[in-house]
Amino acid sequence: MRVLLRVPAVILGAFAAFTAASGLLYPFLRPDLLPTLGHPLTSDPLLDGAWGGTTLVGAWAAHAGIALAILLPVVLLMRWLWRTGARRTPASHEADTSA
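Small disclaimer: the values here were computed from a predicted structure and weren't measured.

Cut-offs and rules
Residues numbered from 1 in each chain as written. Predicted model: local features only at pLDDT ≥ 70, side-chain atom pairs only at ≥ 80, totals over all residues. Heavy atoms only, no water. Helix = DSSP H or I, 4+ residues; strand = E, 2+ residues; numbered from the N terminus. Buried < 20%, exposed > 50% of the residue type's maximum accessible area, 1.4 Å probe, protein only. Contact = heavy atoms within 4.5 Å. Areas by Shrake-Rupley, 256 points an atom, 1.4 Å probe, with all protein chains shown as cover. Core = buried A, V, L, I, M, F, W, Y, C linked by side-chain atoms within 4.5 Å.

Novice: Outline the overall build of the protein, listing residues and values.
Specialist: Across its full length, the protein holds 4 helices and 0 strands. Across the protein, helices and strands are ordered from the amino to the carboxyl terminus as α-α-α-α. When burial is assessed residue by residue, the protein has 22% of its 99 residues classed as buried. Of the contacts made within the protein by residues no fewer than 6 positions apart, 49% connect residues no fewer than 24 positions apart. When the accessible surface of the protein is totalled, it reaches about 6,700 Å², and 73% of it is carbon and sulfur.

See the structure below:
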C-alpha cells in the first residue's frame, strides 16, 4: 500500500519540478526571447500579446506566478500522499513484531 501511494507522489514531484523550471526559467527556454535579456524592463515588440505585458520582467513574473499557483496544491498533495504512504498500518506493525 505504501508503494501505491508513493508512486503518484514521485510522479507529482517530477511534474512539480518541470512546472517550476518552465515558469521560473521562462526567458531562457524561449530562444526567440534572448534579445530581450539585455533590456528586461523596457517594452519590446517581441513580447506583444505576452502574459504580463510587453516587458520581459512582466512576462517572466506572470509565468512564475502561474507556476507557483500550480505548484502549491501539487506540493501539498504530494506531501499528503507521501506521508500517508509512510504511515504504518496496525496489521503490518503486528506482522513486524511477531517475526
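Novice: I'd like a rundown of the nonpolar core, residues and numbers included.
Specialist: Core analysis: the biggest nonpolar cluster contains 7 residues, these being Leu5, Ala9, Leu12, Ala16, Leu71, Val74 and Leu81. Elements with a contribution of two residues or more to this core: helix H1 (2-24) and helix H3 (56-86). A per-element tally of this core places H1 first, with 4 residues. If near-sequence neighbours (up to four positions away) are discounted, Val74 is found in contact with Leu12, Phe15 and Ala16.

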